[in-house]
Amino acid sequence: MKTNSIKNALLVTVFSVTASFAQHAFVNTPPEVSPMPMKPEMTEIWNPEVKVIIPAKKIGDAPSDAIILFDGKNLNQWVNKKDNSKPAGWKIVNNDYFEVVPESGDIQTVMKFGDCQLHIEWSAPDEVLDGGQMRGNSGVFFQNRYELQVLDSYNNRTYNNGQAGSIYKDHPPLVNAMKTPLEWNVYDVIYTAPRFKANGLIDAPARITVFHNGVVVQNNATINGLTLYMGLHNYPESHGEDVISLQDHGCKTQFRNIWLRRL
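These numbers come from a predicted model, not from an experiment.

K.L.:
I would appreciate a short explanation of the nonpolar core in the present structure.
P.N.:
Generally speaking, a soluble globular protein has its nonpolar side chains buried in company with each other. Leu118, Phe142 and Tyr191 are the most contacted members of the largest nonpolar core, which totals 39 residues. Contributing elements (two or more residues each) for this core: β1 (67–70), β6 (116–123), β7 (138–142), β8 (146–150), β9 (185–192), β12 (207–212), β13 (215–222) and β15 (254–262). Top contributing element to this core by residue count: β6, with four residues. Not counting residues within four places of it along the chain, the set of residues in contact with Tyr191 comprises Gly114, Asp115, Cys116, Phe142, Gln143, Tyr146, Ala206, Arg207, Ile208 and Ile223.

K.L.:
I keep staring at the sheet that holds β7 and nothing clicks. Help me out?
P.N.:
Within a sheet, adjacent strands bond to each other through the backbone by hydrogen bonds, running parallel or antiparallel. What the five strands build is an open sheet, ordered β2-β5-β14-β7-β8; its pairing is antiparallel. Bordering the open sheet on either side are β2 (78–80) and β8, each of which pairs with just one other strand. Here strand β5 (residues 107–109) pairs with strand β14 (residues 245–246) via two bridges, running antiparallel. Paired with Gln108 across the two strands is Ser245, which belongs to β14.

K.L.:
How should I be thinking about the environment of Gly139 in this particular structure?
P.N.:
Position of Gly139 relative to the elements: it lies in strand β7. Taking the C-alpha atoms as reference, Gly139 lies 5.6 Å from Leu246; in sequence the two are 107 residues apart.

K.L.:
Hey, could you run me through the pattern of salt bridges in this one?
P.N.:
Pairing between side chains of opposite charge can happen when the charged atoms of each approach one another. Tallying each qualifying case throughout the model produces nine salt bridges. The residue Asp106 makes a salt bridge to Lys81 at a minimum N-O spacing of 4.0 Å. Here the residue Asp106 occupies a position in the loop between β4 (97–99) and β5, and Lys81 occupies one in the loop between β2 and β3 (91–93), the gap between them amounting to 25 residues. When the shortest N-O distance is used, the salt bridge between Glu121 and Arg256 registers 2.8 Å. With Glu121 in strand β6 and Arg256 in strand β15, this pair connects stretches of sequence that are 135 residues apart. By relative accessible area, which is 22% here, Arg256 ends up partly exposed.

K.L.:
Honestly, the layout of surface pockets in this entry has me stumped. Any pointers?
P.N.:
Rolled over the atoms, a probe as big as a water molecule pinpoints where empty space is left. Its boundaries defined by the atoms lining it, the largest pocket holds a volume of some 210 Å³. What lines the largest pocket is a set of 14 residues, and nearest its centre among them are Pro125, Glu127, Leu129, Asp130 and Lys252. In this structure, the second largest pocket occupies an estimated 150 Å³ of space. Along the walls of the second largest pocket sit Lys58, Ile59, Gly60, Asp61, His119, Glu121, Val186, Asp188, Arg256 and Asn257, which together make up its complete lining. At the level of elements, β6, β9 and β15 are the ones that each hand at least two residues to the lining of the second largest pocket. Looking at the lining of the second largest pocket residue by residue, the class counts come to two nonpolar, three polar and five charged.

Scoring rules and cut-offs
Residues numbered from 1 in each chain as written. Predicted model: local features only at pLDDT ≥ 70, side-chain atom pairs only at ≥ 80, totals over all residues. Heavy atoms only, no water. Core = buried A, V, L, I, M, F, W, Y, C linked by side-chain atoms within 4.5 Å. Buried < 20%, exposed > 50% of the residue type's maximum accessible area, 1.4 Å probe, protein only. Helix = DSSP H or I, 4+ residues; strand = E, 2+ residues; numbered from the N terminus. Contact = heavy atoms within 4.5 Å. Pairing = 2+ DSSP bridges. Salt bridge = Lys/Arg side-chain N within 4 Å of Asp/Glu carboxyl O. 1 Å grid on protein atoms, 1.4 Å probe; cavity = no way out; pocket = protein on both sides within 12 Å on 5 of 7 lines; lining within 4 Å. Points joined across faces, edges and corners; volume = space filled by probe spheres on them. Nonpolar A, V, L, I, M, F, W, Y, C, P; charged D, E, K, R; others polar.

So, in structure tokens, the structure goes:
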């Protein structure tokens, strides 16, 4: 009796599976060619369509999707870093550039940013008064923390991770592409903000590529953390988007044509 029961159960199972297969068409023969031949359209991506912007007519000028941070007219996009309720205390000259007013304090953008493309032009004071770190010293701080050094490094020796084009006290520039104090320098920067884990620890450090006067001086360099004058750089805490700030180091450094694109 027990054997017959097992046989009957097996027959029911086989019948059920066969009936199930009969209800669904399926392919059990291989294609004529395996793997199937590749066609060009298999690797074509059509959507979403790439956004159209209007590039500048003159290289270095802002494209149509850029945020204008300074065009010679006013300092409306900047405030005092120490007291954000106060306007930026630096002076505009000839509706062309602005100049650091020593001891007026650092300035910072009104808006906050993360990943970005930044274009900024700068010049050391026309008159050379000092040397080393007191010669046209300033800095561009991404997310208010990570400094790209501004310094007159034309015939001016200093520590290499503190000269123009360096990530201050972190990475020296690959080369010194500095122009004379009477000329304008250009930084074109691709900045990737750091990423943090849910627990606040660093997941991916910030990275930066810098062109100084059209020459690569930082090639997708890893920023090792918060810019410090003394001590090893690190990421003490997580953060999101933040301002871009410019440093008042007591030198009458000049800036013009500043624009940014979010990435």
